[in-house]
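# Coordinate analysis (summary)
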Amino acid sequence: MQPVNVFRRDPAPSRMAYRMQRLWLTPLFRVFLRHILPALIVVLVFAVYFGSAQRRAALVTQFDTLRTEIEHRPEFMVSMMSIEGASPALGDAVRAMLAIKFPQSSFDIDLEATRAKIEALDAVASADLRVVPGGVLQVTIREREAAMVWRTRDGLVLLDPTGHRVAELTDRAARAELPLIAGDGADQAVPEAQAILAAAGPLATRIRGLVRIGDRRWDVMLDRDQTILLPETDPVTAFERVIALDQSQGLLAHDIVAVDMRLPDRPVLRLSADAFAARQKAFGLKPTGAVSK
Amino acid sequence: MTDLYQSQRAMRNMRRAAMQRGVIAILDIGTFKIACLVLRFDGPGRLGEQDSVGPMAGQSSFRVIGAATTRSRGVRFGEIDAMPETERAVRTAVQAAQKMANVRVDHVIACFAGARPRSYGLVGECQVQDRVVSEQDVARALSACDVPDIGEGREVLHAHPVNFALDYRTGLGDPRGQVGARLACDMHMLSVDAAAVQTLLLCINRCDLEVAGIASSAYVGGIASLVEDEQELGAACIDMGGGSTGLSVFIKKHMIYAESVRIGGDHVTSDISKGLQVPLSTAERIKTRHGGVHATGMDDREMIEIGGDSGDWDKDRRSVSRAELIGIMRPRVEEILEEVRAQLDAAGFDSLPSQQIVLTGGGSQIPGLDGLAAKILGQRVRLGRPLRVQGLPQAATGPAFSGAVGLCLFAAHPQDEWWDFDIPADRYPARSLKRAVKWFKDNW
């Protein structure tokens, strides 16, 4: 019935198998074998591989090559620059200053730095750079609007409403429509000057310019060599008072050299030499009196 | 004696350490099978343990998480006969149980049936030192027991204090904290062959396991299969194993007598093998499938194919009636029961208030055994199955596993033994101190 030579396997585990199974059931050993040992092997492999400087360098080179290849794909190349919103002269200046060699990869163009460079130009209020599809570096520039002409010791300078320098000016007549200011530190007070000029009203046609005195207050220079000295504080109100006096009494139509408004509660008028002589004569006084200057 | 005391104490400490680790293995080394259970202890159970014997006697605190049984090899009469074979069988069982439990076990509590257990009743008494009985007094009373000559090459396996008497008041379970002058104790001591126990311990150690306790299978079989009132009122548990039949008598929840009869189921098998001229494996199969002890008229007509692989057609085609098989089995079973009867008579079982007899072990599954046993042992015979413990697989709930289950209970809630009490201070060997003093005197 049964095969004669049946090989019956011993069901008992060998001593080795028994010990291995007990070892495997040891929690610490299990954790070691399943987590710590693989981690160690990975670390070891990496350590051995990157132990050699040559292999490290090769890997870095490989990475760099790949990076360069991707950066220089035609999709990322910039081949021209278009400047919008700038006068031709300014555009040429920007091009000359940036001196970007086209074609260049868009990864190599530092837009932020380029923008800072463009905005460093006096004539540029703000610049907006972007790489638009088609490989064009588009530069949108907003130029500074000149609002004043500032006569300095070195020459004429155009200023924008905030007092920032816009450009040199060789000829005053070229920008005759802009008001003129002079004096040290006049550029720091351009808004105030504009307020004064805006308040001029009927005197506007007579104003030749504003002079900053001692970097703290304004003189309004009118034609016929008349001067209105404005106080440090609240010059516009003082100027309006002068205008009101002129409107009501024709103040400036008189032979007056200067209207001194520096002390608000005590305006002082200075007559011309002829007018003063005439006045002395009319009052029967000596031609040269002790009237203060 | 002190040596054994120390080694038993070491085992108790090992058991405590194993309980703290939470995993302990149970190893029942029998002649027919080796069973290994893995227990997991997770703190006191739901029912708690308010007193010494809790509502579940500690059973709710553990759970069986691994169980394995393997055919035993190299064991005869419950003693190790061929150590390498036994070692392999132990390894098989432990490995399978570990695999099921998925934990590694280092501590093992073992039980065995053989090694010729012999019971002694000991009496000791001492004066209570402080009027109130303390642990020290109990220890002194226990160590005052006069130990009989247990013979050359024998060791004490169990030493249970069974009864305490305090000034003419007897029957005390626990005298600690009571007031009295003279404390007397009765102790039951079980001695076994030292060589057999040592071989067993060596065998377990060779499997890389540490022994955290050792027990007699008659004792643990009784713990598992006697119900509480049987243990209280007096009962005998007859654990019919493969190689030997264990016998333990309980009263007042203590074992007072244990003995073993060195005949078991394997002898029945070998009788069948010889009588029918079949291999032992065939004889075992025939015994388990068709065995019995009561022949009826029906059994004459029930023919059993014996089979065989000798190649001789006539021999391989033999068949016997079941009555013939019963005729072979019955005398041997009767012999076992009569031996047990003789042991019980010698132990004075007749004088117990209740004489319940519980048959358990693999041999008790023979159909009709209870009827036969009632004729020989007395009317109060029942078949016992082990207690149900948590997580025990269905396959391990039969009477053959009463030893293993009893060992679980033994591990969870051991009864006090002599070595659980500290040795009294005045019994410490004074010689070592004297020698130290002498050394100082000699050298300075």
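Look up a bit, the structure's there.
Glancing now at the overall build of chain B. The helix and strand tally for chain B stands at 14 helices and 18 strands. Counting only residues that meet the buried cut, chain B has 55% of its 444 residues in that class. Pairs at least 24 apart in sequence give 71% of the contacts found in chain B among residues at least 6 apart. Total accessible area on chain B stands at roughly 19,900 Å², and carbon and sulfur atoms take up 51% of it.

Here we take up the overall build of chain A. Helix and strand counts for chain A come out as 8 helices and 14 strands. Counting only contacts in chain A whose residues sit at least 6 apart along the sequence, the fraction spanning at least 24 positions is 44%. In the structure as shown, chain A presents an accessible area of about 18,900 Å², 59% of it carried by carbon and sulfur atoms.

Moving on to the environment of Leu137(A). All names here are of chain A. Residue placement: Leu137 occurs in strand 5 (residues 136–143). Taking the C-alpha atoms as reference, Leu137 lies 4.6 Å from Met81; in sequence the two are 56 residues apart. In contact with Leu137, other than residues within four places in its own chain, are Val78, Met80, Met81, Ser82, Ile100, Phe102, Leu111, Leu129, Arg130 and Val131.

Our next topic: the packing of aromatic side chains. Summed over the entire model, instances satisfying the criterion amount to 8 aromatic pairs over all chains. A centroid spacing of 5.1 Å and a plane angle of 85° characterise the contact between Tyr49(A) and Phe50(A), whose relative ring orientation is edge-to-face. Between Trp439(B) and Phe440(B) the ring centres are 5.6 Å apart and the planes differ by 90°, which places this aromatic pair in the edge-to-face class. Geometry around Tyr49(A) places Arg55(A) over its ring, the cationic atom sitting 5.2 Å from the centre. It is Lys33(B) that lies over the ring of Phe401(B); its NZ or CZ is 4.8 Å from the centre.

Residues and elements named next belong to chain B. Summed over the entire model, instances satisfying the criterion amount to 46 salt bridges over all chains. Measuring nitrogen to oxygen at the nearest pair gives 2.5 Å for the salt bridge that ties Asp137 to Arg140. Taken together, the residues Asp137 and Arg140, both in helix 3 (residues 135–143) and 3 residues apart, mark about one turn of the helix. Arg140 matches Asp137 in its accessibility class, with the two residues each being buried.

On to the packing of helix 7 (residues 265–276) of chain B against helix 11 (residues 322–347) of chain B, then. All names here are of chain B. The interhelical angle for the contact between helix 7 and helix 11, taken along N-to-C directions, is 140°, at an axis separation of 9 Å. At the point where helix 7 passes helix 11, the crossing takes the right-handed sense. Judged by residue contacts, His267, Val268, Asp271, Ile272, Gly275 and Leu276 of helix 7 engage Leu325, Ile328, Met329, Arg332 and Val333 from helix 11. Across the contact of helix 7 with helix 11, the residue classes tally to 7 nonpolar, 2 polar and 2 charged.

Turning to the side chain of Asp137(B), a few remarks are in order. By relative accessible area, Asp137(B) is classed as buried at 1%. Those residues in contact with Asp137(B) that sit more than four places away from it in its chain are Cys126(B), Gln127(B), Val128(B), Gln129(B), Val132(B) and Leu183(B).

What follows concerns the sheet that holds strand 5 of chain A. Residues and elements named next belong to chain A. The sheet built from 3 strands is open, its strands ordered 2-5-4 with mixed pairing. Strand pairing shows two members of the sheet lacking a second neighbour, strand 2 (80–84) and strand 4 (124–132), which therefore form its edges. On average, each strand axis in the sheet is inclined to that of its neighbour by 20°, with strand direction left out of account. The pairing of strand 2 with strand 5 spans 5 bridges and is classified as parallel. From the neighbouring strand, Ile83 faces strand 5, where its bridge partner is Val139.

The next point concerns helix 2 (residues 27–50) of chain A. Helix length check: helix 2 of chain A (24 residues) gives 34 Å between terminal C-alpha atoms against 34 Å at 1.5 Å per residue, within 8%. Maximum bend of helix 2 of chain A: about 40°, positioned at Leu33(A).

Quick look at unusual backbone geometry now. Residue and element names in this part refer to chain A. Across the junction of Phe102 and Pro103, the peptide omega takes the value -5°, indicating a cis bond. Its place among the elements puts Pro103 in the loop between helix 4 (88–98) and strand 3 (104–105). Of note in this structure, Ala99 is not a glycine but carries a positive phi near 50°. Looking at the element boundaries, Ala99 is found in the loop between helix 4 and strand 3.

This part is about the nonpolar core. Residues and elements named next belong to chain B. Grouped together as the largest cluster of nonpolar side chains are 75 residues, with contacts concentrated most on Leu27, Leu39 and Ile204. The dominant element in this core, judged by the number of residues it contributes, is helix 13 (residues 402–412), at 8 residues. Contact partners of Leu39, with chain neighbours within four places excluded, come to Gly22, Val23, Ile24, Ile26, Phe62, Arg63, Val64, Cys408 and Ala411. With 37 residues, the next largest nonpolar core counts Ala236, Val320, Leu344 and Val381 among its residues.

What follows covers the sheet that holds strand 3 (residues 62–71) of chain B. Residue and element names in this part refer to chain B. The strand order across the open sheet formed by 5 strands is 3-2-1-6-11, and the pairing between neighbours is mixed. At either margin of the open sheet sits one strand with a lone partner, and together these are strand 3 and strand 11 (210–216). This sheet shows a mean twist of 20° between the axes of neighbouring strands, independent of strand direction. Relative to strand 11, strand 6 (residues 107–112) runs parallel, the two sharing 6 bridges. Bridge pairing in strand 11 links Ala110 to Ile214.

Moving on, we come to the pairing of strand 9 (residues 169–172) of chain B. All names here are of chain B. Across 2 bridges, strand 8 (residues 154–166) lies against strand 9 in antiparallel orientation. The residue of strand 9 that forms the bridge with Leu166 is Arg169. The turn joining strand 8 and strand 9, which pair antiparallel and follow one another in sequence, is formed by 2 residues; a positive phi near 50° is taken by Asp167.

With that settled, the discussion passes to the interface of chain A and chain B. Residue-level contacts link 17 residues of chain A with 21 residues of chain B. In total, about 1,700 Å² of surface goes out of reach between chain A and chain B, with carbon and sulfur atoms giving 41% of it. Of all residues in chain A, the largest losses of buried area upon contact with chain B belong to Tyr18(A), Arg22(A) and Leu25(A), amounting jointly to 38% of the total for that side. Here chain A and chain B share 3 salt bridges between them. Measuring nitrogen to oxygen at the nearest pair gives 2.8 Å for the salt bridge that ties Asp106(B) to Arg22(A). On the surface where chain A and chain B come into contact, there are 9 residue pairs in polar contact (both at pLDDT 80 or more). Residue composition of the side of chain A that touches chain B, by class: 8 nonpolar, 4 polar and 5 charged.

Cut-offs and rules
Residues numbered from 1 in each chain as written. Chains lettered and ligands numbered in written order. Predicted model: local features only at pLDDT ≥ 70, side-chain atom pairs only at ≥ 80, totals over all residues. Heavy atoms only, no water. Helix = DSSP H or I, 4+ residues; strand = E, 2+ residues; numbered from the N terminus. Buried < 20%, exposed > 50% of the residue type's maximum accessible area, 1.4 Å probe, protein only. Contact = heavy atoms within 4.5 Å. Areas by Shrake-Rupley, 256 points an atom, 1.4 Å probe, with all protein chains shown as cover. Phe/Tyr/Trp six-rings, centres within 6.5 Å; stacked < 30°, edge-to-face > 60°. Lys NZ or Arg CZ within 6 Å of the ring centre and 35° of its normal. Salt bridge = Lys/Arg side-chain N within 4 Å of Asp/Glu carboxyl O. Axes fitted to C-alpha atoms, helices over the stretch in contact; angles between N-to-C directions. Left-handed = near helix turned anticlockwise from the far one by under 90°. Nonpolar A, V, L, I, M, F, W, Y, C, P; charged D, E, K, R; others polar. Pairing = 2+ DSSP bridges. Expected span 1.5 Å × (residues − 1). Bend = angle between axes of the 7 residues up to and from the residue. Core = buried A, V, L, I, M, F, W, Y, C linked by side-chain atoms within 4.5 Å. Buried area = accessible area lost by both parts, 1.4 Å probe. Polar contact = N/O pair within 3.5 Å; in protein donor to acceptor, adjacent residues only side chain to side chain.

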